[in-house]
Amino acid sequence: MKNKKQFLAIIAALLLIAGCTAVKAPDDAPAKPTTTKPVDVTLTRMGEDKAAVELTPPNHFFEELEKRTGIKTKFLGGASMNTQEFNLVLASNDLPDVWMNNWLNFPGGPKRAIDQGYILRLNDIIDKYAPNFKKVLQENPQIAKDIRTDEGDYYAFPFIRSEFDKTYVGPIIRKDWLDELGLPVPETIDEWYTVLKAFKEKKNAAAPLTFLASRFFSTGAFSGAYGVMNGFYLENEKIVFGNMQPKYKDFMILLRKWYVEGLLDKDFASIDSNTVDRKMMTGGSGVTIQLGSRTDQYHNATRESLPQANYIGITYPSLQNGVKSKFGHLENAYPGGNSGAISAKSKNVESAAKWLDYFYSKEGSTLVTYGTEGVSYTMENGKVKYTDLILKNPDKLTVDQARQVYGKNTNFPQLQRDTESSRGEKWIAAIAKWRDTDAEKYAIPPITHTTEESNEIAQIMADINAYVLETEIKYILGTISIDTFDDNVNTLKKMGIEKAIKLKQAAYDRYKKR
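So, here's what we can say about the structure. Quick caveat, the model's predicted, so the values are computed rather than measured. (Residues numbered from 1 in each chain as written. Predicted model: local features only at pLDDT ≥ 70, side-chain atom pairs only at ≥ 80, totals over all residues. Heavy atoms only, no water.)

Some remarks on the packing of helix α11 (residues 246-260) against helix α19 (residues 451-477)
Between α11 and α19, the shortest axis-to-axis distance is 7 Å and the interhelical angle comes to 45 degrees. If you check the angle between α11 and α19, you find them oblique. Across the interface between the two elements, Tyr-248, Met-252, Leu-255, Arg-256 and Tyr-259 from α11 touch Glu-472, Tyr-475, Ile-476 and Leu-477 from α19. Of the residues contributing to the contact of α11 with α19, the split by class is seven nonpolar, no polar and two charged. (Axes fitted to C-alpha atoms, helices over the stretch in contact; angles between N-to-C directions. Helix = DSSP H or I, 4+ residues; strand = E, 2+ residues; numbered from the N terminus. Parallel < 35°, antiparallel > 145°, perpendicular 65-115°, else oblique. Contact = heavy atoms within 4.5 Å. Nonpolar A, V, L, I, M, F, W, Y, C, P; charged D, E, K, R; others polar.)

Here it is in structure tokens:
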């Protein structure tokens, strides 16, 4: 396959399967900042994204953080797990004091990262130096279960999503087009077909439905209507692999039909997010699967070019009216990523632990969520109100970008606090629609594998993931017949999918005994 590398990159974003966790976080009232006695130490830290940058100079969040904790930090860039960059850092033996990454995905799991001397077991360190985080664990037993290994080892200070932010991707549609054409908001697959046909024939949309392939397949955006989803999920306490289920064939038949009729973006296999956005904001497309923030961003960006445009989030489709989609985007409260481990080579363990622990205090949580009072937000009638530095940034930063300069409301070690008040009305309404699925019932929790399991699964799934995506694309493009579906399922079995399912089941069974 000519674009195999590209498709391998796409597959990496699959399986964003979710579960619901009740989280007791610091209360919503912002805390007045205090300062601690400065210590003569500079922590080195790395992030997860190799393209990660921190907007400097200045980055107000880290400047304020240094003032309050007395601990300086030096950012060394990012390296995603299981990449060449990540492996080079490991091989160098020059590890950062704090390394924010997805340690669930370390080859052999976090236990092996500890055993091989890369990161520290944190149990005793938490007891000694992290009172705020220790309190979180005591008050949130589900979090405590999710973030430790089967052996009971804590290995990172986690990023825990708020209930609101566990869903952030879903269908967005041009509501003004629906109104103009006299069409209701589509709920079923048949209604979606009618809408997409109308968008193509009456609105001249070259790509009525456009999407970033990773978001489309990983969210179960239309497969959920058929009761299946790409990748692994739970069914009656058993791990299943959605792509080999008979109903997945029906899903592929649907996409093939829509592709033939010109309802899908012809470039769906290779399109990037910026191109998706451009098509939605210029009338080239009328529906997409995108981030919730896009509802407001599209609206704001088209006030002059398309003043009539109205972008809204709508529910994931089903086969029958009144029946929820089985799947949709819903991430685990503990997704694994952006969680801060402490290097086993660190000479500043106490400072690293105290620095990380600060984010789980009321004061630290406020700084992470909102930034600095009087600078990025003010209090009005007991509620947070962002200043124009965030809402109308003089450097032309978007609201999300500006919040990352003054705070770190996401993708950072913390118990994320609900921030609906800072989201646009369209965004909030979209999340409510996207949460209306049964995805929670089928979510695989953050399980961990033994070294042997991890190695075997990695070997099996590297080829299977590539094969699955390649055949999906071929089904849709018509380069292979859907009649080969059963043969391709047999190929998956020969490639070891049943063994991978068995290994994941073993890990899930251990998780339940934690």
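Considering unusual backbone geometry
One non-glycine residue, Glu-237, lies in the positive phi region at around 70 degrees. Within the secondary structure, Glu-237 sits in the loop between β7 (232-235) and β8 (238-241). Positioned with a positive phi, Asn-381 is a non-glycine residue whose angle comes to about 55 degrees. For Asn-381, the position within the fold is in the loop between β12 (377-380) and β13 (383-386). Under the relative-accessibility criterion, Asn-381 is labelled exposed at 81%. (Buried < 20%, exposed > 50% of the residue type's maximum accessible area, 1.4 Å probe, protein only.)

Let's talk about the environment of Tyr-155
Secondary-structure assignment places Tyr-155 in the loop between α7 (141-146) and β4 (159-160). You can call Tyr-155 buried: its relative accessible area is 1%. A polar atom in the side chain of Tyr-155 sits 3.0 Å from the side chain of Tyr-334. (Polar contact = N/O pair within 3.5 Å; in protein donor to acceptor, adjacent residues only side chain to side chain.)

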